[in-house]
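# Geometric and topological summary
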Amino acid sequence: MSTEHVLPDSNTVMYGVFGDPVRHSKSPVMMNAAFREMGINAAYAAFQVAPAQLAAAVNAVRALKFGGVNVTIPHKVAIMNYLDEIDDSAQTAGAVNTVVNRDGRLIGFNTDGIGYVRSLLAETNAGLELHSKTILLIGAGGAARGVAFALAHERPKRIIIANRTREKAAQLAAEVGRIAPCDGIGLTDLADINRVDIAINTTSVGMSPHVDDLPADPALFCGPGSIVSDLVYNPLETKWLRAAKELGAVQHFGLGMFIYQGACALEHWTGRQAPVDTMRAAVVRSLA
Ligand code: NAP
């Protein structure tokens, strides 16, 4: 491990995130801290790329020999048209959040789902085994999709997907159900389910500025010892997570998924283990 501060020079390899908007992104702070800690001569910046400029931006990755990029809203699906190869992780999620430049060949990965699972295992009960667990996901959007497939690969006892638009829950549950037992329901059906081991909010409900909104009442299906998790990390402790704490449940914060999706991206780029603690500290400092 090196703490040597490497400043950009003639050998610096560029990385970045493509998004629109992108100025709020904490990825540059997190990734540059990681490169410094790893002693790698690389720099990471945020690039505001309008949808009409996406093809040109991807060509710039090739022309300027970037090591890779992250991709965020609104480019996660559209970028698949411009890459040379799509990894299974991105194929299943239907979206790319990480591009690796392997000797001029651009390969798309999705690290959101696996990042979520790594964060859940690292940050909740030591020795957590998912295979005996019943897991509830609230929401059936893009983030839910990646998380649901990554969880399904851990062979849980059952996954329940509850969504405001019930048909979307049913559709996603049918696909995930090819890997692990999975049901899709509407939010109004939540009153009828039994207690679950892990309940995850994958919707944007509760995100700033709507911090007083709850995706559902966790008292319906959680209690002492349940794990209650949120993908939202602005604010860090959402109303959903506060309500869970009052029930005696274990909280799992959305910031962890952000850190670990970045760690997985960094590992694809460098082939080395990511300095997760350094990355987290850099993001937490920038949020303070
Ligand atoms: P998305 O594709 O737009 O999906 C949004 C989901 O939220 C849908 O299931 C939608 O239900 C539901 N929803 C939205 N407003 C609702 C409301 N008022 N009541 C009930 N349900 C509502 O968004 P996404 O990309 O999946 O992102 C979802 C959240 O995850 C965002 O807050 C995002 O910031 C967060 N996220 C966090 C990380 C991380 O690293 N921690 C990574 C990715 C995403 P319908 O289908 O009925 O519209």
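Reference entry: report on the structure contained in this document. Predicted, not measured: the structure shown is a model, and the values here were computed from it.

## A short note on unusual backbone geometry
Cis geometry marks the peptide bond from Asp20 to Pro21; its omega dihedral reads 5°. Locating Pro21 in the fold gives a position in the loop between β1 (13-19) and α1 (27-38). Here Asn234 and Pro235 are connected by a cis peptide whose omega angle stands at 10°. If you trace the backbone, Pro235 turns up in the loop between β11 (227-230) and α7 (239-246).

## Digging into the layout of surface pockets
Within this model, the second largest pocket holds a volume of roughly 180 Å³. In terms of lining residues, the second largest pocket is bounded by 13 residues, among which Ser89, Gly146, Phe149, Ala150 and His153 are the most central. Of all elements in the fold, only α3 (88-93), α4 (112-123) and α5 (142-152) reach the threshold of two or more residues within the lining of the second largest pocket. Among the elements that make up the lining of the second largest pocket, the one with the highest residue count is α3 (four residues). Of the residues belonging to the lining of the second largest pocket, the class tally is five nonpolar, six polar and two charged.

## Focus on the state of the cysteines
One pass over the structure, following the stated rule, counts zero disulfides. Summary of cysteine pairing: Cys222 is not part of a disulfide, and the nearest cysteine sulfur, belonging to Cys182, is at 17 Å. Residue classification places Cys222 among the buried residues on the basis of a relative accessible area of 7%.

## Here's the deal with α7
Restricting attention to buried positions, one finds in α7 the residues Trp240, Leu241, Ala243 and Ala244. One side of α7 holds all its buried residues, which, seen down the axis, span an arc of 160°. In this structure, the buried residues of α7 make contact with β7 (134-138), β10 (198-201), β11 and β12 (250-252). Once α7 finishes, Gly248 follows within two positions and takes phi at roughly 85°, a positive value.

## A look at the packing of aromatic side chains
Throughout the structure, instances matching the rule amount to seven aromatic pairs. Consider the rings of Tyr15 and Phe35, whose centres lie 5.0 Å apart with planes at 35°: the pair is tilted. Taken together, the residues Tyr15 in strand β1 and Phe35 in helix α1 connect sequence positions 20 residues apart. A single burial state applies to Tyr15 and to Phe35, both of which are buried. Between Tyr44 and Trp269, the ring centres sit 6.2 Å apart and the planes meet at 45°, which makes this aromatic pair tilted. Here the residue Tyr44 occupies a position in strand β2 (residues 42-48), and Trp269 occupies one in helix α8 (residues 255-270), the gap between them amounting to 225 residues.

## Some details on the nonpolar core
Grouped together as the largest cluster of nonpolar side chains are 29 residues, with contacts concentrated most on Tyr116, Leu137, Leu151 and Ile161. Residue assignment for this core shows that the elements contributing at least two residues are α4, β7, α5, β8 (158-163), α6 (166-176) and β10. Per-element accounting of this core gives the leading share, seven residues, to α5. Look past the residues within four positions of Ile161 in its chain and what remains in contact with it is Leu137, Gly139, Ala140, Ala148, Ala169, Leu172, Ala173, Cys182, Asp183, Gly184 and Ile185. Ala42, Tyr44, Ala46 and Ile107 belong to the second largest nonpolar core, which has 26 residues in total.

## Let's talk about the sheet that holds strand β4 (residues 85-86)
Pairing within the open sheet is mixed, and its six strands lie in the order β2-β1-β3-β5-β6-β4. Every interior strand has two partners, whereas the edge strands, β2 and β4, have only one. Bridge analysis of β1 against β2 gives seven bridges, and the strand direction is parallel. Within β2, the position partnered with Phe18 by the bridge is Phe47. Across the sheet, α1 touches β1, β2 and β3 (68-71), and the angle it forms with β2 is around 170°. The strands touched by helix α2 (residues 54-63) within the sheet are β1, β3, β5 (98-102) and β6 (105-109), with β1 carrying the most contacts at an inclination of about 165°.

Parameters and conventions
Residues numbered from 1 in each chain as written. Predicted model: local features only at pLDDT ≥ 70, side-chain atom pairs only at ≥ 80, totals over all residues. Heavy atoms only, no water. Helix = DSSP H or I, 4+ residues; strand = E, 2+ residues; numbered from the N terminus. 1 Å grid on protein atoms, 1.4 Å probe; cavity = no way out; pocket = protein on both sides within 12 Å on 5 of 7 lines; lining within 4 Å. Points joined across faces, edges and corners; volume = space filled by probe spheres on them. Nonpolar A, V, L, I, M, F, W, Y, C, P; charged D, E, K, R; others polar. Disulfide = S-S within 2.5 Å. Buried < 20%, exposed > 50% of the residue type's maximum accessible area, 1.4 Å probe, protein only. Arc of directions from axis to C-beta. Contact = heavy atoms within 4.5 Å. Phe/Tyr/Trp six-rings, centres within 6.5 Å; stacked < 30°, edge-to-face > 60°. Core = buried A, V, L, I, M, F, W, Y, C linked by side-chain atoms within 4.5 Å. Pairing = 2+ DSSP bridges. Axes fitted to C-alpha atoms, helices over the stretch in contact; angles between N-to-C directions.

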